[in-house]
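# Report on the structure
Here's the letter readout for the chains.
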Amino acid sequence: MAVESEFDVAIIGSGPAGSHAALCCEKNGLKAAVFEEHKQAGEPVHCGECLSDLAISKFGLGLPESAVSLKVKGIRVIFPDGYTTILHETGVVLEKHLFERHISSLAEKSGAGYFYSSRVSSLARAGGGWKVTAGGKDYSAKIVIDGSGVAQAASKMLAMEQQSSTVLGAQYEMEGIPQEGYIDFYLWPRLAPHGYLWMIPKSNGRANVGLVTSDKQKIKLYLNQFIKEMGWEKKTINKSFGGLIPSSGPLPQTYDDGLMLIGDAAGFTSPLFEGGTHLSLMSGKFAADVAKMAVGAGEYDSRVLCEYERLWSAEFPDYGKLISGKESLYAFSEGELNQIGHSLPKELTELSALDKAGVFFRLLATNPGLLGKNAIGALMGFAYSRAERYGW
């Protein structure tokens, strides 16, 4: 089979990670190709569609108004007995499919080649680079960047023997949901074992109402019961969507000879709240910068591409602390979560050292056993999950 085209970089997937990698590659003077199995970028939507203003300003992507569904004031965390804490940090709820098309459009206008309805079916080393088979045609590339999401296509095709643990997220877009300009997260273990529920407001009274849980068999039952208990069972459901989400942190190997893994394909989601758009965008940029260095040197092996791991590990949250905090948080009973919640101030935006000490002593007075069960680590997980350079 004849080679169709030659590229510096072949990118699998046109999600935020892949398209941002393509955009940054083109800005770096590299010839990039993006292979997408669907007919267009932005579909299907899997996530809750949120992005903080801090993350938006960091990447300078100039969001069009059409991609912004609603501006929000911050996040509320609601414990089982209704106690609520608030993080005032502004951001937006996206129309995620339009956001992703915006990034892919920027990449295409910069010169990236997009091949839609072209699923990558095989990767093979050839002449120091790669032969990439997609949509029944062969292409060549010096470097492959995998932005295929939770499918983790390159890891599977290359038998790298690594795969993320996953949780399942499911949600409805609903009409007429009461909202006050906040993203609401509910820590209700009986309806979201090893996970949480949410109400994410959108424009015109719409909202994404959903949950993430490790109990994949009962997720629809939990979601419908949550809607019933909230009094929303008669509200109109416009659509349902969701999918698997990596939940175990970065894969053991995020680069190899001629290869870098980005976004969900590398396991770059927050293990606590599973958000990943901001990390996807940054990992795409890191991969593009390392690709520029490698192509410039004419060297594509792991001795050069290891710089990619150095960059992301220095920038991203401490995944060890996140995972430890998550495991502790999800091990608490509803009663214990209520005690932890009431130890927190109503406002979480800027906690002084005195505020943090107060949390410790309130926990000590309420239930000293919570400290032995790593309540402080669980609370610190909230802070780490924000990824200080990106917000939520």
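Quantities reported herein were computed from a predicted structural model and do not represent experimental measurements.

A separate point is the pattern of salt bridges. All chains considered together, the criterion is met by 18 salt bridges. As a salt-bridge pair, Glu334 and Arg190 come within 3.9 Å of each other at their nearest N and O atoms. Linking Glu334 in helix H9 (residues 334–343) with Arg190 in the loop between strand S11 (182–186) and strand S12 (196–201), this pair joins segments that are 144 residues apart in sequence. Through salt bridges with shared partners, one network takes in Glu49, Glu95, Glu173, Lys202 and Arg206.

Membership of the largest hydrophobic core comes to 66 residues, with the highest contact counts inside it found for Ile143, Ile145, Met260 and Tyr308. The leading source of residues in this core is helix H6 (residues 277–297), at 10 residues. What Ile143 contacts, discounting residues up to four positions off in sequence, is Asp8, Val9, Ala10, Trp130, Gly258, Met260, Ala291, Ala294, Val295 and Tyr300. Within the second largest apolar cluster, 27 residues are counted, among which are Val77, Tyr196, Phe332 and Ala378.

Right, let's get into the pairing of strand S5 (residues 84–94). Burial runs high along S5: nine of the 11 residues are buried. Where strand S3 (residues 50–52) and S5 come together, three bridges link them in antiparallel fashion. Within the sheet, the bridge partner assigned to Leu51 lies in S5 and is Val92. In this sheet, S5 lies alongside strand S4 (residues 68–78) in antiparallel orientation, the contact comprising nine bridges. Bridge pairing in S5 links Ile78 to Thr84. Here S4 folds back onto S5 in antiparallel fashion, the turn holding five residues, of which Gly82 has a positive phi close to 95°.

Per the counting criterion, the structure on display carries two cavities of 30 Å³ or more. Surrounding the largest cavity, Leu187, Trp188, Pro189, Ala192, His194, Gly195, Leu329, Tyr330 and Leu337 form its lining. Its residues assigned to classes, the lining of the largest cavity shows seven nonpolar, two polar and no charged. Taken together, Leu51, Ala55, Ile56, Phe59, Leu61, Leu63, Phe99 and Leu281 form the lining of the second largest cavity. The element best represented in the lining of the second largest cavity is helix H2 (residues 53–59), accounting for three residues. Here the residues of the lining of the second largest cavity sort into eight nonpolar, no polar and no charged.

On inspection of all chains with the given rule, the structure shows zero disulfides. Unpaired in terms of disulfides, Cys306 finds its nearest cysteine sulfur in Cys25, a separation of 18 Å.

On the secondary structure map, Ser313 appears in helix H7 (residues 302–315). Placed 63 residues apart in sequence, Ser313 and Pro250 show a C-alpha to C-alpha distance of 9.5 Å. In this structure the side chain of Ser313 is engaged in a polar contact, spanning 3.3 Å, whose partner is the backbone oxygen of Arg310.

What counts as what
- Residues numbered from 1 in each chain as written.
- Predicted model: local features only at pLDDT ≥ 70, side-chain atom pairs only at ≥ 80, totals over all residues.
- Heavy atoms only, no water.
- Salt bridge = Lys/Arg side-chain N within 4 Å of Asp/Glu carboxyl O.
- Helix = DSSP H or I, 4+ residues; strand = E, 2+ residues; numbered from the N terminus.
- Core = buried A, V, L, I, M, F, W, Y, C linked by side-chain atoms within 4.5 Å.
- Buried < 20%, exposed > 50% of the residue type's maximum accessible area, 1.4 Å probe, protein only.
- Contact = heavy atoms within 4.5 Å.
- Pairing = 2+ DSSP bridges.
- 1 Å grid on protein atoms, 1.4 Å probe; cavity = no way out; pocket = protein on both sides within 12 Å on 5 of 7 lines; lining within 4 Å.
- Points joined across faces, edges and corners; volume = space filled by probe spheres on them.
- Nonpolar A, V, L, I, M, F, W, Y, C, P; charged D, E, K, R; others polar.
- Disulfide = S-S within 2.5 Å.
- Polar contact = N/O pair within 3.5 Å; in protein donor to acceptor, adjacent residues only side chain to side chain.

Worth remembering: the numbers are spatial, not functional.
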